[in-house]
Amino acid sequence: SNTTDVCIVGGGIVGLSSAYFLANQGSSVTLIEKDSIGSHASGFAYGSLSPLGEAGLEKEILPEIQLAHLGMKIHSEFASDLLRLTGIDIQYRTRPSIDLAFSDKECYSGMKQAQWKTLEEGYTVNWISGNMARELVPSLSPKVSGAVYTEGVADVDPYRLTLALAQACEHLGVLIRHGEVIGLKTSGTVLEGVRTTSGIINCKQVVLAAGPWIGLCSEWLGIKIPISPLKGQILRLDSPDTPINC
């Protein structure tokens, strides 16, 4: 179909989650993804679920803390709801985290973070010594001089989550199309649809969920969106004899 209530541009976790909830509320939804589901940032992220921001700064985290708590609640619901709908285990698990400090400056910062994080309900946060950290994870470097230990956080397999969301969306009637969006169709200030390389999809509302590539939409909107991709690195270690419980 080339007519839908809502068109979503981007098939990552944000786009798929938006489609999932909109379809649950009765909207007809078409989602457009340029490449395969889970082949970009959402499918290869670390998967940490920490509303307290791991090693973040108080002034950066607290203004959005309620939104972060809501996100954590939704992820815990996904763990059972998506398994029931799709049979895919997203490997949601609660386990403590340790943010490591290697210098006096980092220790001071960690102690300050532990102070304000202890005030957040639902979490247990403590500053621990390097020796205490190594008791929890014996393979830690002897150079670790302290750590923030947090209980109440979790992690998830992002690739499995992305695939499960895609299948759940299709189960709810979302049409997932592969294609490239090249602009919006408008009449004055009224949105009429989305332009793709294969034609126009008529819709009343659009969700732009292109993640770090959202800056490419600046030309369509006539608005400068100051966001561009930033490459990160994750090391995946195959070491079955090295238990890491945090």
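Above: the structure in question.
First, a word on what this report is: a plain description of the structure on this page.

For the coordinates displayed, the defined rule picks out one cavity of 30 Å³ or more. What lines the largest cavity is simply Ser 50, Leu 52, Glu 54, Ser 97, Asp 99, Lys 117, Thr 150 and Val 153.

Another aspect to go through is the pairing of strand β7 (residues 146–151). It is a general feature of regular strands that their side chains alternate between the two faces of the sheet. Across the six residues that make up β7, a large majority, five, are buried. Examined bridge by bridge, strand β5 (residues 97–101) and β7 share five bridges and lie antiparallel to one another. Bridge pairing links Ala 101 to Gly 146 in β7. Note: strand β6 (residues 124–129) against β7, six bridges, orientation antiparallel. Each bridged residue has a counterpart across the sheet, and for Asn 126 the counterpart in β7 is Tyr 149.

Turning our attention to the sheet that holds strand β2 (residues 29–33). Read across the open sheet, the four strands follow the order β9-β2-β1-β13; overall the sheet is parallel. Both edges of this open sheet fall to β9 (175–178) and β13 (205–208), since each of them pairs with a single strand only. Along the sheet, successive strands turn relative to each other by an average axial angle of 20 degrees, direction set aside. Relative to β2, helix α1 (residues 13–24) is tilted by about 170 degrees, and along the sheet it contacts β1 (6–9), β2, β9 and β13.

Looking now at the layout of surface pockets. Its volume calculated, the largest pocket comes out at about 1,200 Å³. Lining the largest pocket we find 48 residues, and of these Ser 42, Ala 209, Ala 210, Gly 211 and Pro 212 sit closest to its centre. Taken together, the elements giving at least two residues each to the lining of the largest pocket come down to α1, β2, α2 (41–44), β3 (48–49), α4 (65–86), α7 (158–171) and β10 (181–187). The element contributing the most residues to the lining of the largest pocket is α4, with five residues. The volume enclosed by the second largest pocket comes to roughly 680 Å³. Looking at the second largest pocket, it is lined by 19 residues, and the ones nearest its centre are Tyr 46, Arg 93, Arg 95, Leu 235 and Arg 236. Mapped onto the lining of the second largest pocket, the elements with two or more residues apiece are α2 and α7.

Ordered in space as β10-β11-β12, the three strands form an open sheet in which the pairing is antiparallel. In the strand order of this sheet, the two ends are held by β10 and β12 (199–202), each with one partner. Pairwise comparison of adjacent strand axes, ignoring direction, gives a mean angle of 30 degrees for this sheet. The pairing of β10 with strand β11 (residues 190–196) spans six bridges and is antiparallel. Bridged to Val 181 within β11 is Thr 196.

Among the structural elements, Leu 49 can be located in strand β3. Distance in space between the C-alpha atoms of Leu 49 and Leu 62 is 16 Å, their sequence separation being 13 residues. Among all residues touching Leu 49, those that are not within four sequence positions of it are Met 72, His 75, Tyr 92, Val 153, Ala 154, Asp 155 and Val 156.

The next subject is the pattern of salt bridges. Summed over the entire model, instances satisfying the criterion amount to five salt bridges. Residue Glu 77 pairs with Lys 73 through a salt bridge whose shortest N-O separation is 2.6 Å. Taken together, the residues span about one helical turn, with Glu 77 and Lys 73 both in helix α4 at a distance of four residues. Among the ionic pairs, Arg 84 bridges to Asp 81, the shortest N-O distance being 3.8 Å. With a gap of three residues between them, Arg 84 and Asp 81 both fall in helix α4, about one helical turn apart. You can call Asp 81 partly exposed: its relative accessible area is 25%. Through salt bridges that share partners, Arg 93, Arg 95 and Asp 155 make up one connected network.

Between its first and last C-alpha, α1 extends 16 Å over 12 residues, near the 16 Å set by a 1.5 Å rise per residue. Three or more residues of α1 are buried, namely Gly 15, Leu 16, Ser 17, Ala 19, Tyr 20 and Ala 23. Residues of α1 that are buried sit in contact with β1, β2, α4, α7 and β9. Of the residues one or two after α1, Gly 26 is the one with positive phi, at around 100 degrees.

Conventions used here
Residues numbered from 1 in each chain as written. Predicted model: local features only at pLDDT ≥ 70, side-chain atom pairs only at ≥ 80, totals over all residues. Heavy atoms only, no water. 1 Å grid on protein atoms, 1.4 Å probe; cavity = no way out; pocket = protein on both sides within 12 Å on 5 of 7 lines; lining within 4 Å. Points joined across faces, edges and corners; volume = space filled by probe spheres on them. Buried < 20%, exposed > 50% of the residue type's maximum accessible area, 1.4 Å probe, protein only. Helix = DSSP H or I, 4+ residues; strand = E, 2+ residues; numbered from the N terminus. Pairing = 2+ DSSP bridges. Axes fitted to C-alpha atoms, helices over the stretch in contact; angles between N-to-C directions. Contact = heavy atoms within 4.5 Å. Salt bridge = Lys/Arg side-chain N within 4 Å of Asp/Glu carboxyl O. Expected span 1.5 Å × (residues − 1).

Worth remembering: the numbers are spatial, not functional.
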